[in-house]
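# Architecture and fold: a report
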Amino acid sequence: MVGGTQYGAKNFLTRTCGNLDAKIELVCDGQVLELPVGIEGVIITNITSFAGGSVLWHEDSSDEYTHTPSNGAAKPSLGPASIHDGLLDIVAVYGTLHLGQLQVGLSKALRLRQAKKVQVRLKERLPLQIDGEPWMQDPCAFMLAKTTHERDTVTRQVGEVLDWAGNANVITWEQRDVLLAEITRRVHAKDQQHCAIVRRHFAT
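For the protein, the name recorded in an unreviewed UniProt entry is Diacylglycerol kinase accessory domain-containing protein, with Aphanomyces astaci as its organism.

Now the structure itself:
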């Protein structure tokens, strides 16, 4: 996540990430992404929920919740969110209040684009968060990419086998849920280790 919404009340009062569209640049699959005026946070994710279960990527294609470029170009073709499609989902929020509203279902994030690779350039010192506590990051540039690894395929197949076992009464649904939760926990632990390495890289 790029922007100040994770700094809560402090950002609400100081608006440190106002005019974020002029402070960062995103290049999605080789094309510069036009950012909406007035946003204060950009969230790039490959999962279907955020911050304790908030749904960021929705199916609302209205102008209010899906960004249309100001140059008259058509809205980008956007599909459903999936951890297996190799795409990153990019949304924007208008600040702390907007983020709070979408967390309780009173609003929705602004969908921007889906892309395989996203280049991010910070033009000034800004809050940055990668699956953990945010920090202030000096101007820099970095690349984000989501690929469908063999592990993702295996994880999906394991889930399908557990569903089959439940339907065939090989195991109970309670046992299926316990096994799936443990598999998910172990996969997430590996992801956390990787994110910690990335955060240390930015800190150096």
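Of the residues in the protein, 79% reach a pLDDT of 70 or more, and the chain-wide mean stands at 80. Looking over the protein, one finds the lowest element-wise mean pLDDT in helix H1 (residues 9-14), namely 44, and the highest in strand E2 (residues 24-28), namely 95. This stretch, residues 6-14, has a pLDDT under 50; its non-local contacts, to residues over four places away or in other chains, come to 18 contacts.

Here the structure, examined in full by the defined rule, presents zero aromatic pairs. Just above the ring of Trp 57 sits the side chain of Arg 111; from NZ or CZ to the centre is 5.2 Å.

Moving on to the nonpolar core. Counting residues in hydrophobic clusters, the biggest one holds 25 residues, and the most contacted among them are Ile 24, Leu 26, Val 42, Ile 44, Ile 90 and Val 118. Looking at this core, the elements that each hand over two or more residues are E2, strand E4 (41-45), strand E5 (88-93), strand E6 (110-115), strand E7 (117-122), strand E8 (126-128) and strand E10 (140-145).

Below, the discussion takes up the pairing of E4. Burial runs high along E4: five of the five residues are buried. Residue alternation in E4 divides its side chains into two sets, Gly 41, Ile 43 and Thr 45 and Val 42 and Ile 44, and both sets are buried. In the sheet, E4 pairs with E5 via five bridges, with the strands oriented antiparallel. Of the residues in E5, the one forming a bridge with Val 42 is Ala 92.

The next point concerns the pattern of salt bridges. What the rule picks out here adds up to six salt bridges. Taking the shortest distance from any N to any O, the salt bridge between Asp 138 and Arg 125 comes out at 2.7 Å. Of this pair, Asp 138 sits in the loop between strand E9 (135-137) and E10 while Arg 125 sits in the loop between E7 and E8, placing them 13 residues apart in sequence. By relative accessible area, Asp 138 is classed as partly exposed at 41%. The exposure class assigned to Arg 125 is partly exposed, which follows from its relative accessible area of 46%. Across the pair Arg 176 and Asp 177 runs a salt bridge, and its minimum N-O distance is 2.9 Å. Connected via shared salt-bridge partners are Asp 163, Arg 176 and Asp 177.

Procedures and definitions
Residues numbered from 1 in each chain as written. Predicted model: local features only at pLDDT ≥ 70, side-chain atom pairs only at ≥ 80, totals over all residues. Heavy atoms only, no water. pLDDT = per-residue confidence, 0-100. Helix = DSSP H or I, 4+ residues; strand = E, 2+ residues; numbered from the N terminus. Contact = heavy atoms within 4.5 Å. Phe/Tyr/Trp six-rings, centres within 6.5 Å; stacked < 30°, edge-to-face > 60°. Lys NZ or Arg CZ within 6 Å of the ring centre and 35° of its normal. Core = buried A, V, L, I, M, F, W, Y, C linked by side-chain atoms within 4.5 Å. Buried < 20%, exposed > 50% of the residue type's maximum accessible area, 1.4 Å probe, protein only. Pairing = 2+ DSSP bridges. Salt bridge = Lys/Arg side-chain N within 4 Å of Asp/Glu carboxyl O.

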